[in-house]
Amino acid sequence: MAMKTIYDIQFLKNQILNIINFYHPICIDKERGGYINQLNDEGKITDRDTKHLVGTCRFIYNYAIASLLFENQEYKECCNHGIEYLIKNHCKSNGGYSWILDKDGVKDATLHCYGHAFVLLAFSISNKVNSNKHIHLVYEIFNYIENTFWDFESKLYVDEIDPIDTTKKSPYRGQNANMHMCEALLVAYEVTNDTKFFNRAYTLSDRICNDLTIDTEGFIWEHYDQNWNIDWSYNIKNKKDLFRPYGFLSGHFFEWSKLLLKINKITKKKWLEEKAIFLYDNAMKICWDPNNIGLNYSFDQNKNIIDQDRYYWVIAEAIVASSLLANLSGKEKYLIWYNKFWEYSIKYFIDYKYGGWFRILNNKNIKYDNYKSPPAKTDYHPLSACFEIINDL
C-alpha cells in the first residue's frame, strides 16, 4: 500500500480465517454433498436442504483461497468437495446449471447468467489449488455461456433463459450479471493466460461503464429492456429484491471501481482509472451517511437515497476499492477511507464472538435478525476483498 496501515496483510489473513472458521466444518454436507449455506448468528444450521448455485460456487472460491493462503490440504479437499457437487448435482445434461436444489432434487432449474458467472469463477479459481487440472472445466463452461447467454449484437450477456427451451429468453437485461461475468473472466484469464477471456472482460467493462452510462451522467443503472434501453420502472415496487434491487447501487459503483482497476493493471488506459475514481467518489459523495455513519444502499435518478440499510457486501467492496485506489494513486484520502471502513466494519459488521459478518443493518447500524447466512451469502465478498488487497500489496 502507498502508505502504512495497521490493516495489513496479517490482519487481512486473520479476517479470512475469521470467516472460514465460522463456516467450517459445519457447512460441509457429508450426507448429501455440497455445502450447507443457511446458518444463524451462532453458526447453527437453520436449513440444511437448500443448495443455491451461487452459494455452492462461492464456497468453492472461499475454500480455494483459504487453501492457497494457508497451504491447508483440508481446505483444498473442501474446495474439490464443492466442485464434485457442482458437476454431479447442479449441472444438467445440456451443460447448464440449475439455480436452486433441495432435498428432492432441482427446485428451480432456471438458467441465470449471474449463476453461471459464478460457475466460471469457481472452476477458474479451483485451478490455483489443483495445479491447473480443471482448466478444461473453465473452457467448457465458458463455451456453454458463450453459446447460451452471449448476445453478439449488443456485446453483452442476457440474464435469464428458460431451462427447457433455451430459445426463450427473458426480456429483462441487467448489468449485474455482466459485472460478475467480467469478474469471473478476469480470474479465467489469470489461470489460463488466454487473452480471449481478458478481451471479453474489457469489452464488458467498456459497454457497461461507458456506453450504457451516456444518459445517466456516467452512473451505472441496474436494469434494462431487451434492447438495452434503460428501464426506470423495473422493480420500483420491489426495491429490496436480493439480486435485482431498484436504483443506483453504491456497492456496484465500488465493485466496478475495483474491476476497472484490476483491468488497468493489465492494460493501462486512462479511462479505466478515471472511471474507477469517478464511480468511487460519487458513491461516497451520495451514499456516505456522516450523521448515522455508514453507507446507504441505493439512490434514485435525482440522487435521493432510496434504501438506507447497510449491507455487508457494500462495505466490503468499498474497502477493496479504497485500498486499490490508495495503492495506485498514493492519495491519502483513499487510505483514510480504507482505515475508516475497517474501523466501521470491526465495530458493526464483524462478529468476533462467533465469526463471520452480519448481513444487514439498519441506518442506526443495528441488525434486523439473527440470520447471519442466508442462501448464497458465504461471506464471499469480504473474503474476496481481503484476498484482492493481499494480491495488490
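Residues numbered from 1 in each chain as written. Predicted model: local features only at pLDDT ≥ 70, side-chain atom pairs only at ≥ 80, totals over all residues. Heavy atoms only, no water.

Another aspect to go through is the sheet that holds strand E5 (residues 105-108). One open sheet holds the three strands; their spatial order is E3-E4-E5, and the pairing between them is antiparallel. At either end of the open sheet lies a strand with only one pairing partner, and these are strand E3 (51-52) and E5. (Pairing = 2+ DSSP bridges. Helix = DSSP H or I, 4+ residues; strand = E, 2+ residues; numbered from the N terminus.)

Before going further, it helps to examine the nonpolar core. Counting 136 residues, the largest nonpolar core has Tyr157, Trp256, Leu295, Phe341 and Trp342 as its most contacted members. Counting residues per element, this core draws most heavily on helix H10 (residues 312-329), which supplies 12 residues. Each residue touching Phe341, except ones within four places of it in the same chain, is listed here: Tyr280, Met284, Trp288, Leu295, Ile315, Ala318, Ile319 and Ser322. (Core = buried A, V, L, I, M, F, W, Y, C linked by side-chain atoms within 4.5 Å. Buried < 20%, exposed > 50% of the residue type's maximum accessible area, 1.4 Å probe, protein only. Contact = heavy atoms within 4.5 Å.)

Here the focus is the layout of surface pockets. Looking at the largest pocket, its volume works out to about 380 Å³. Around the largest pocket, the lining comprises 21 residues; the ones closest to its centre are Arg58, Leu242, Phe243, Tyr312 and Trp313. Breaking the lining of the largest pocket down by element, the ones donating at least two residues are helix H6 (175-192), helix H8 (250-266) and H10. Its residues assigned to classes, the lining of the largest pocket comprises 11 nonpolar, four polar and six charged. Size it by volume and the second largest pocket reaches roughly 170 Å³. Considering the residues around the second largest pocket, the lining is formed by Trp99, His112, Cys113, Tyr114, Asp159, Tyr172, Gly174, Asn176, Ala177, Asp241, Phe243 and Arg244. Put simply, the parts of the chain that give the lining of the second largest pocket at least two residues each are helix H4 (113-126) and H6. When its residues are assigned to classes, the lining of the second largest pocket shows six nonpolar, three polar and three charged. (1 Å grid on protein atoms, 1.4 Å probe; cavity = no way out; pocket = protein on both sides within 12 Å on 5 of 7 lines; lining within 4 Å. Points joined across faces, edges and corners; volume = space filled by probe spheres on them. Nonpolar A, V, L, I, M, F, W, Y, C, P; charged D, E, K, R; others polar.)

The tally for this structure, following the rule as stated, stands at 22 salt bridges. For Arg200, the salt bridge identified is with Glu146, shortest N-O distance 2.7 Å. Here the residue Arg200 occupies a position in helix H7 (residues 195-209), and Glu146 occupies one in helix H5 (residues 135-148), the gap between them amounting to 54 residues. For Glu317, the salt bridge identified is with Lys258, shortest N-O distance 3.1 Å. Placement of Glu317 in helix H10 and of Lys258 in helix H8 is noted, with a sequence separation of 59 residues between them. Overall, Glu317 belongs to the buried group, its relative accessible area being 1%. For Lys258, a relative accessible area of 2% puts it in the buried group. Here the salt bridges do not stand alone but share partners, grouping Lys128, Glu190, Lys262 and Glu388 into one network. (Salt bridge = Lys/Arg side-chain N within 4 Å of Asp/Glu carboxyl O.)

One pass over the structure, following the stated rule, counts zero disulfides. Between Cys79, a cysteine without a disulfide, and Cys78, which holds the nearest cysteine sulfur, the sulfur-to-sulfur distance is 8.9 Å. Given a relative accessible area of 0%, Cys79 falls into the buried group. Cys182 takes part in no disulfide bond, and the closest cysteine sulfur to it belongs to Cys209, at a distance of 7.8 Å. (Disulfide = S-S within 2.5 Å.)

Where helix H2 (residues 53-70) meets H4, the axes come as close as 9 Å, and the angle between the chain directions of the two elements is 20°. Compared by their axis directions, H2 and H4 come out roughly parallel. Between H2 and H4 lies a crossing whose hand is left-handed. Here Leu53, Val54, Cys57, Arg58, Ile60, Tyr61, Ala64 and Ile65 of H2 come into contact with H4, specifically with Tyr114, Gly115, His116, Phe118, Val119, Leu121, Ala122 and Ile125. (Axes fitted to C-alpha atoms, helices over the stretch in contact; angles between N-to-C directions. Parallel < 35°, antiparallel > 145°, perpendicular 65-115°, else oblique. Left-handed = near helix turned anticlockwise from the far one by under 90°.)

Looking now at empty space enclosed by the protein. Counted under the stated rule, the structure contains three cavities of 30 Å³ or more. Reported here for the largest cavity is a volume of approximately 110 Å³. In terms of lining, the largest cavity is formed by 14 residues, of which the most central are Tyr61, Val187, Lys262, Phe387 and Glu388. Put simply, the parts of the chain that give the lining of the largest cavity at least two residues each are H4, H6, H8 and helix H12 (380-392). Of the residues belonging to the lining of the largest cavity, the class tally is six nonpolar, two polar and six charged. Here the second largest cavity defines a volume of roughly 40 Å³. In terms of lining, the second largest cavity is formed by Asp41, Phe358, Arg359, Ile360, Lys367, Tyr368, Asp369, Tyr371 and Lys372. In terms of residue class, the lining of the second largest cavity is built from four nonpolar, no polar and five charged.

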